[in-house]
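What the coordinates show
As a plain string of letters, each chain reads:
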Amino acid sequence: MEKNFLEVDKLQTAFQTDKGEVISVEEVSFQLRPGETIGIVGESGCGKSVTSLSLMRLLGHSGVIKKGSITFNGRDLTKATEAEMRSIRGNEISMIFQEPMTSLNPVFTVGNQMLELINLHMKLPAKEARAYAVEMLTKVGIPRASEIIDEYPHKLSGGMRQRVMIAMALSCKPKLLIADEPTTALDVTIQAQILELMKKLRDESNTAIMIISHDLGVIAEMADKVIVMYAGQVVEEADVFTLFDDPKHPYTKGLMDSIPHLEHDSDQRLFSIPGTVPTIHNMPKGCRFHTRCQYATEKCAHEKPPLLPIQPESDHRVRCWLQQDDPHRAPIQPRTEVIA
Amino acid sequence: MSLIKSDERTPLLEVQNLKKYFPIKKGIISRTVGQVKAVDGLNLTIYEGETISLVGESGCGKSTTGRAIVQLDPQTEGKVIFKGKELSTLSSMELRKIRTDLQIIFQDPYSSLNPRKRIGDLLAEPLLAHKLTDKSEVSRKVDDILEIVGLSKFHKSRYPHEFSGGQRQRIGIARALILQPKLIVCDEPVSALDVSIQAQVLNLLKDLQKEFQLTYLFIAHGLGVVKYISDRIAVMYLGKIVELAKTEDIFKNPRHPYTQALLHAYPIPNPHLRSRERIVMEGDVPSPANPPKGCSFHARCPLAQDICRSQAPALQGDEHTVACHFPLG
């Protein structure tokens, strides 16, 4: 078994705002081996994108990593200088974003944008660099790559643009590819193509992938292990099979039950989690999910649950009092549906 | 699903050979140099009390169809007949009257509510515009409708920005519902919402349908959502319906290769099924400004033959119609 090359330990990221400091990601830890895929799921605002931006340190002026460490190939990225980060970004860790429409610069050709990166990190002679860019475009399945390289992004469809993004992200053979909702803006048939492509490239190059999505279907297709986030915290983590077969946290269960399955009977009523995700300025005390949880007890409302393995030495970790306390204790009355 | 056969049910809305072309203009004097055929010859009958869904990828003309049906963007050609009246022949006064029965819910709950108006005023607006209710009654009706969609009357004096996405979509639904319409066109009402909120809104739409005997034309791209809500499904590709059947038939026995490809492409939230056999369709949707000759799907179809490249197939069949020269199953 290969060693972990990335270890994120108790990462905490905060943003300075007019209303004071807000903690966007409270505590995230995970490890990654070469060629492994980790999925991060959660609803909007749960901190999954901020986690990935923290790895790249693309937090802008107002964001800071307050606590924790990111050990990448033996180096702590939280202590790296800006110049060191520049040599890592796009080179050893690269990223593809959600919106292929807005993440390419509209006033430069595809080739221009690819060559910028190749020149910066690989320092190839001009002709070779161009040939390499064409090779990368062909690899991600772009037809007529030697012509497309001179086109502007607006000439390409959404799926093609996302392929260009992937070609750019992979051209320096990164160790880690962060894909932040890579297929959310695309149609299902194009989504299937992009996911297949990512799988193929992962298997060829042994690149580790961190895929962020709100779609459990995408996660089930891609990931080896999964982190479920809710309101800035990891609420459950496990390998993908365990998580889907035996989810322990009420939020994970609720999320799974609320997706309309293709194989289920349509007469069934969908399960829905009552209420909405709490806002960052107004986090509930105790367990952050207790206001929406049908099993919540008095303890959940007052004490913060820690993230603990369900059994000693297990990789399946849950942040829930119900898993850690006496399971026979009677829960308080399940609440009726709160207004969304 | 009602047990009455489809020919005995009364059609509420009929769409006949609907076409909607958008001109492509170029140059200083804006000459028309071409046309985007967003919807190109669409026939559809919607019966009372059912939910029929339009699915397809972006650019296939599903939203354009929805907007043409409520006459927000009237069609270029063809007829929309609602309750026996052809909508394009009506005067604007008559159309306004009939719109009380024909409402639409929009996709984006963030941009479809006027940010400067309070919720109470937003909801009262349709009632006042159509002069349906006494002014004294308006307030009570607004209270009622808020309750029905799961909000409370205390929300009346708030502005849209104070609500979450799911709540805003409930307001959008309330706005459509307050006129007690017969048919509601739901244009991707849950696409912008999170999974857990999506389930709340879908359940609400289903409950309202039962309570008020509503008919829905549901436009979506997510197959899971469509399966949950519809009685019948029409699959669209490049401005045309390529397959139309009962929900179970579409999912159990898809006959058009495109429908099958859509089903195969849908990511299943079960990691044990990830190595299942499936067809990943290649290529993109062709441009509707320059659709391919013959069957519009032939360039991406694994089964395409010579005839597919030259002749467009017609929709065939009674209950389960499909437009393909070589239908599956």
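The model shown is predicted, which means the values in this text are computed figures rather than measured ones. Position numbers for residues count from 1 along each chain, tracking the sequence in the order it is written. Naming scheme: in the order in which they are written, chains are lettered from A and ligands are numbered from 1. Per-residue local features are limited, in this predicted model, to residues with pLDDT of at least 70; the limit for side-chain atom pairs, both in listing and counting, is 80 or more; totals at the level of whole chains, interfaces and linings are taken over all residues. Excluded from the side-chain calculations are hydrogens and water; all other atoms, namely the structure's heavy atoms, are used.

**Thoughts on the overall build of chain A**
- Helix and strand counts for chain A stand at twelve helices and twelve strands.
- Relative to a compact globule of 340 residues, whose C-alpha radius of gyration would be 20 Å, chain A shows 21 Å and is just as compact.
- Reported as C-alpha extents along the three principal axes, the dimensions of chain A are approximately 70 × 50 × 45 Å.
- Sequence-distant contacts in chain A: of pairs separated by 6 or more residues, those separated by 24 or more amount to 64%.
- Method for areas: the Shrake-Rupley scheme with a 1.4 Å probe, in which residue coverage is limited to the protein chains shown. Within the structure as shown, chain A displays about 15,400 Å² of accessible surface, and the carbon and sulfur contribution to it stands at 51%. In DSSP terms, a helix is any run of H or I states spanning at least four residues, a strand is any run of E spanning at least two, and both are numbered starting from the N terminus. Put simply, the radius of gyration uses C-alpha atoms, and a globule should come to 2.2 Å times the residue count raised to 0.38. Residue contacts are counted whenever heavy atoms from the two residues lie within 4.5 Å of one another.

**Focus on the UniProt feature "domain: ABC transporter" (unreviewed entry) in chain A**
- UniProt positions are given in the numbering used here, feature names are shortened, and annotations may be inferred rather than shown by experiment. UniProt feature "domain: ABC transporter" (unreviewed entry): in the numbering of this structure it lies at residues 6–256 of chain A.
- Structurally, residues 6–256 of chain A comprises 39% helix and 28% strand, and the distance from its first C-alpha atom to its last is 29 Å.

**Side note on the side chain of R232(B)**
All names here are of chain B.
- Position of R232 among the secondary structure elements: in strand β9 (residues 232–237).
- From its side chain, R232 meets the backbone oxygen of T45 in a polar contact 2.7 Å long.
- Looking at R232, its side chain comes within polar contact range of the side chain of E50, at 2.9 Å. Nitrogen and oxygen atoms within 3.5 Å of one another constitute a polar contact, given that in protein one can donate a hydrogen and the other can accept it, and given that sequence-neighbouring residues count only through two side-chain atoms.

**Considerations on the interface of chain A and chain B**
- Counting residues at the interface gives 51 residues for chain A and 43 residues for chain B.
- Of the roughly 4,000 Å² buried between chain A and chain B, counting both surfaces, carbon and sulfur atoms make up 55%.
- A carboxyl oxygen of Asp or Glu within 4 Å of a side-chain nitrogen of Lys or Arg is what we treat as a salt bridge. Inspection of the region where chain A meets chain B yields four salt bridges.
- Note that R278(B) and E221(A) form a salt bridge whose closest N and O atoms lie 2.9 Å from each other.
- Counting across the interface, chain A meets chain B through 20 residue pairs in polar contact (both at pLDDT 80 or more). Using a 1.4 Å probe, buried area is obtained as the accessible area two parts lose upon being combined, added over both of them.

**Thoughts on the domain arrangement of chain A**
- Taken as a whole, chain A is organised into domain 1 (103–171) and domain 2 (248–324).
- With centres defined by C-alpha atoms, the gap from domain 1 of chain A to domain 2 of chain A works out at 43 Å. Residue ranges for the domains trace back to a domain assignment, done automatically or taken from a database.

**As for the packing of aromatic side chains**
- Think of it this way: a Phe, Tyr or Trp ring, Trp meaning its six-membered ring, pairs with another when their centres are within 6.5 Å, and the plane angle makes it stacked under 30 degrees, edge-to-face over 60, tilted otherwise. For the structure shown, the criterion picks out seven aromatic pairs over all chains.
- Consider the rings of Y237(B) and Y258(B), whose centres lie 4.5 Å apart with planes at 55°: the pair is tilted. Note that Y237(B) is positioned in strand β9 and Y258(B) in helix α9 (residues 257–265), a separation of 21 residues in sequence.
- Buried residues are those whose accessible area, probed at 1.4 Å on protein chains only, stays under 20% of the maximum for their type, while exposed residues exceed 50% and partly exposed ones sit between those limits. The buried category is assigned to Y237(B), whose relative accessible area is 1%.
- Where Y237(B) meets F297(B), the ring centres are 5.1 Å apart and the plane angle is 85°; that geometry is what we call edge-to-face. Of this pair, Y237(B) sits in strand β9 while F297(B) sits in the loop between α9 and α10 (306–310), placing them 60 residues apart in sequence. Pair check on accessibility: Y237(B) and F297(B) agree, each one buried.
- Taken together, the ring pairs connect Y230(A), Y251(A) and F289(A) into an aromatic cluster.
- Charge over a ring is defined by NZ of Lys or CZ of Arg lying within 6 Å of the ring centre and within 35 degrees of the ring normal. The lysine or arginine in question, K299(A), covers the ring of W321(A), its NZ or CZ lying 4.0 Å from the ring centre.
- Sitting over the face of the ring of F251(B), K227(B) holds its NZ or CZ atom 5.6 Å from the ring centroid.

**Description of the environment of H272(B)**
- You can see H272(B) is positioned in the loop between α9 and α10.
- The partly exposed category is assigned to H272(B), whose relative accessible area is 44%.
- Discounting chain neighbours no more than four positions away, the residues touching H272(B) are F241(A) and D245(A).
- Of note is the side chain of H272(B), whose polar atom sits 2.8 Å from the side chain of D245(A).

**A few points about the pattern of salt bridges**
All names here are of chain B.
- The full count for this structure, using the stated rule, is 35 salt bridges over all chains.
- A salt bridge links R300 to E57; the shortest N-O distance between them is 3.4 Å. Of this pair, R300 sits in the loop between α9 and α10 while E57 sits in the loop between β3 (51–55) and α1 (62–69); the two residues are 243 residues apart in sequence, bridging distant segments of the chain. The pair R300 / E57 is uniform in exposure class, with both members buried.

**A word on a negative patch on the surface**
Residue and element names in this part refer to chain A.
- Only residues whose relative accessible area exceeds 30% and that form no salt bridge are eligible for patches; like-charged ones are grouped when within 9 Å, while nonpolar side chains (Val, Leu, Ile, Met, Phe, Trp, Tyr) are grouped when within 5 Å. Positive charges come from Lys and Arg alone, negative charges from Asp and Glu alone, with His and the N- and C-terminal ends not counted. Charge positions are represented by NZ for Lys, CZ for Arg, CG for Asp and CD for Glu. There is a patch of like negative charges on the surface, built from D224, D239, D245 and D315.
- Mapping D239 onto the fold places it in strand β10 (residues 233–239).
- Residue classification places D239 among the partly exposed residues on the basis of a relative accessible area of 34%.

**A closer look at the confidence of the model for chain A**
Residue and element names in this part refer to chain A.
- On average, residues of chain A score 87 in pLDDT, and 94% of them are at 70 or above.
- Mean pLDDT in chain A bottoms out at helix α12 (residues 321–324), which sits at 84, and peaks at strand β3 (residues 37–41), which reaches 95.
- What pLDDT conveys is the predictor's confidence in a given residue, as a value from 0 to 100. Long-range and interchain partners of residues 328–340, a stretch whose pLDDT sits below 50, account for 27 contacts in this model, where long-range means more than four residues apart.

**As for the packing of helix α3 (residues 119–129) of chain B against helix α5 (residues 165–177) of chain B**
Residue and element names in this part refer to chain B.
- The contact between α3 and α5 brings their axes to 8 Å, and the two run at 30°. Considering the angle they form, α3 stands roughly parallel to α5. Between α3 and α5 the crossing geometry is right-handed. Here α3 contributes I119, L122, L123, E125 and P126 to the contact with α5, which in turn contributes I171, A174 and R175.
- Throughout, the ten residues Ala, Val, Leu, Ile, Met, Phe, Trp, Tyr, Cys and Pro are labelled nonpolar, Asp, Glu, Lys and Arg are labelled charged, and all others, Gly among them, are labelled polar. Residues of the contact of α3 with α5, tallied by class, amount to six nonpolar, no polar and two charged. Axis definition: a line fitted to C-alpha atoms, over the contacting stretch in the case of helices. Angles run 0 to 180 degrees between N-to-C directions. An angle below 35 degrees is read as roughly parallel, one above 145 as roughly antiparallel, one from 65 to 115 as roughly perpendicular, and any other as oblique. For any pair of crossing helices, the crossing counts as left-handed if the nearer helix is rotated counterclockwise from the farther one by less than a right angle, and right-handed if it is rotated clockwise.

**Some words on the domain arrangement of chain B**
All names here are of chain B.
- Partitioning chain B into domains gives domain 1 (8–101 + 184–284) and domain 2 (112–178).
- Placing the centre of domain 1 and that of domain 2 at their C-alpha centroids yields a distance of 26 Å.
- One can count zero salt bridges joining domain 1 with domain 2.
- Linking domain 1 with domain 2 are four residue pairs in polar contact (both at pLDDT 80 or more), by the criterion used here.

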